[in-house]
Amino acid sequence: MHELSLCQSAVEVIQRQAEQHQVARVTGVWLEIGALSCVEESAVRFSFDRVCRGTVAQGCELHIAIKPAQAWCWDCSQAVEVVSQDARCPVCQGARLRIGNGDMLVVKSIEVE
Ligand SMILES: [Zn+2]
């Protein structure tokens, strides 16, 4: 499962942060999932809960936000944000967009005790 390995790396990031700041317990985690990453929010919740067990982040509150991908519109020449591969420009409705890959899953912030 794709989400499981993403969550594993996320928890590693969290653990490293917690160690650096000598934190005993992480109470909240904010994750961002790229809108075009094909990562399922429900699968992330499930996997995250699993990989958190026995770590500083066990039982923490998980907040997930969907992050739009950056795209460039050739019609109106500006950077825009889109949430699907076949999206149109939200400004001019043009279809000539160059869409970036964006992030799959990033740890935005953590809350500690
Ligand atoms: Zn446009």
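Residues numbered from 1 in each chain as written. Predicted model: local features only at pLDDT ≥ 70, side-chain atom pairs only at ≥ 80, totals over all residues. Heavy atoms only, no water.

Novice: What is the right way to look at unusual backbone geometry in this model?
Specialist: Apart from glycine, the bulk of residues carry a negative phi angle, and the bulk of peptide bonds sit in the trans form. At cysteine 38, a residue that is not glycine, the phi angle is positive and equals roughly 65 degrees. Classification of cysteine 38 as exposed rests on a relative accessible area of 70%. Although it is not a glycine, serine 77 adopts a positive phi angle of roughly 50 degrees. Inspection of the secondary structure assignment puts serine 77 in the loop between β3 (69–73) and β4 (78–82). You can call serine 77 partly exposed: its relative accessible area is 48%. (Buried < 20%, exposed > 50% of the residue type's maximum accessible area, 1.4 Å probe, protein only. Helix = DSSP H or I, 4+ residues; strand = E, 2+ residues; numbered from the N terminus.)

Novice: Quick question: what am I supposed to make of the coordination of the zinc ion here?
Specialist: Only Cys73 (SG), Cys76 (SG), Cys89 (SG) and Cys92 (SG) from the protein reach the zinc ion as donors, at distances of 2.2 to 2.3 Å. One way to put it: the 4 donor atoms around the zinc ion meet at angles of 106 to 113 degrees, and that makes the site tetrahedral. Spacing between the donor residues of the zinc ion along the chain follows C-x2-C-x12-C-x2-C. (Donors = N, O, S within 2.8 Å, 3.2 Å for Na, K, Ca; no water. Tetrahedral: all angles 85-135°; square planar, octahedral: opposite > 155°, others 65-115°.)

Novice: Help me out: how do you make sense of the sheet that holds β3 in this one?
Specialist: Strand pairing within a sheet occurs via backbone hydrogen bonds; the two strands may be parallel or antiparallel. Taken together, 3 strands build an open sheet; the order of strands is β4-β3-β5 and the sheet is antiparallel. Two strands in the sheet have a free side with no partner beyond their single neighbour: β4 and β5 (97–99). Going from strand to strand, the sheet's axes swing by 35 degrees on average, the running direction of each strand aside. (Pairing = 2+ DSSP bridges. Axes fitted to C-alpha atoms, helices over the stretch in contact; angles between N-to-C directions.)

Novice: Any chance you could explain the pattern of salt bridges here in plain terms?
Specialist: Within the structure shown, the criterion is met by 5 salt bridges. Among the salt bridges present, the one from aspartate 103 reaches lysine 67, with a minimum N-O distance of 3.7 Å. Residue aspartate 103 is located in the loop between β5 and β6 (105–112), and its partner lysine 67 is located in strand β2 (residues 61–67); the two are separated by 36 residues in the primary sequence. (Salt bridge = Lys/Arg side-chain N within 4 Å of Asp/Glu carboxyl O.)

Novice: I tried to follow the sheet that holds strand β1 (residues 26–34) on my own but got confused; where do I start?
Specialist: Taken together, the 3 strands give an open sheet; going across it, the order is β2-β1-β6, and neighbouring strands pair in mixed fashion. Across the chains shown, the open sheet's two edge strands, defined by having one partner strand only, are β2 and β6. Strand-to-strand twist across the sheet, computed as the mean angle between neighbouring axes with direction ignored, equals 20 degrees. Pairing of β1 with β2 involves 7 bridges; the strand directions are parallel. Of the residues in β2, the one forming a bridge with isoleucine 33 is isoleucine 66. In this fold helix α1 (residues 2–20) packs onto β1 and β6, with an angle of close to 35 degrees to the strand it touches most, β6. Its contacts with the sheet place helix α2 (residues 41–52) against β1, β2 and β6, and it is angled at close to 150 degrees to β2. (Contact = heavy atoms within 4.5 Å.)

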